[in-house]
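Notes for the structure review
Single-letter residue listing:
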Amino acid sequence: MIVKVLLADDQPLLRTGFRMILEAEPDIEVVGEAGDGETAIRLARWLEPDVVLMDIRMPVMDGVQATRELTRGEAPRVLILTTFHLDEYVVEALRAGASGFLLKDVPAPELVNAIRVVAAGDAVVAPAVTRRLLDRFAHRLPGAGKERQPAPVALASLTEREAAVLKLVARGLSNTEIAAELVVSEATVKTHVHHLLSKLGLRDRVQLVVFAYEAGLARPPSKSG
């Protein structure tokens with residue numbers, strides 16, 4: 001299977017570099033390039049890429065808004081590009097539907113692997129990294145400082161064990177760590193995560209973490225001292 005990729009970045013030199021790296025792979029094809037979010041949306045609808053490599057800060061329309069537009073319904077997966085480890089806009093992009101983020105200086109093998117992972121339907125942000133982002137910027141999430149709960153029906157549909165797995169995912173634990181915590185097999189944990197995604201209508205593990213925070217099932221650690 002050939003993974004079709006659309007590059008969206010306002011720096012032509014970076015787009016050229018990414019294209020050279022990706023087109024050296026036999027299973028990846030760069031189908032187009034965009035210098036702003038609006039163009040990225042238009043090209044994505046025309047070219048139907050599997051993955052959009054999306055810069056956050058672009059003219060005309062930024063990567064957050066473009067991601068929000070692209071991830072409605074049947075849509076390509078979006079990988080966010082950022083210069084900073086803890087860019088506040090990354091959280092907004094993850095909430096908008098992105099499947100993870102990469103730093104712009106990512107090593108070539110990691111970039112290629114991330115494209116494949118996201119195209120296969122998974123997320124490339126390690127749970128612990130996602131947690132650190134949310135811990136730092138949770139006050140910016142809608143509902144911060146007030147009671148805003150997801151639909152009760154969605155929460156009520158979860159079994160006790162699924163709710164437990166969701167809380168541990170939000171704490172940044174890997175499937176292996178969750179299995180050890182709950183004294184079950186890793187395969188069982190993967191099944192629970194799959195059920196959570198299906199029941200809650202979420203795309204990947206990243207959005208599970210965001211959901212847990214917004215539901216009040218997970219909180220950033222209290223700051224002391």
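In the block above lies the structure referred to throughout.
Let us look at the structure shown here. As the structure is a computational prediction, the values presented were derived from the model and not from experiment.

1. A word on the sheet that holds strand 3 (residues 51–55)
If you trace the five strands from one edge of the open sheet to the other, you get 2-1-3-4-5, paired in parallel fashion. In the strand order of this sheet, the two ends are held by strand 2 (28–34) and strand 5 (101–103), each with one partner. Adjacent strand axes in the sheet meet at a mean angle of 25°, parallel and antiparallel pairs treated alike. Relative to strand 3, strand 1 (residues 3–8) is paired through four bridges, and the arrangement is parallel. Note on strand 3: the bridge partner recorded for Leu6 is Val52. This element, helix 3 (residues 63–70), spans strand 3 and strand 4 (77–82) of the sheet and lies at about 160° to strand 3.

2. Observations concerning the environment of Val64
Within the element layout of this structure, Val64 appears in helix 3. A relative accessible area of 4% means that Val64 is categorised as buried. The spatial distance from the C-alpha of Val64 to the C-alpha of Ala96 is 6.8 Å, given a sequence separation of 32 residues. Setting aside residues up to four positions removed in sequence, Val64 forms contacts with Ile56, Tyr89, Glu92, Ala93 and Ala96.

What counts, and at which threshold
Residues numbered from 1 in each chain as written. Predicted model: local features only at pLDDT ≥ 70, side-chain atom pairs only at ≥ 80, totals over all residues. Heavy atoms only, no water. Pairing = 2+ DSSP bridges. Helix = DSSP H or I, 4+ residues; strand = E, 2+ residues; numbered from the N terminus. Axes fitted to C-alpha atoms, helices over the stretch in contact; angles between N-to-C directions. Contact = heavy atoms within 4.5 Å. Buried < 20%, exposed > 50% of the residue type's maximum accessible area, 1.4 Å probe, protein only.

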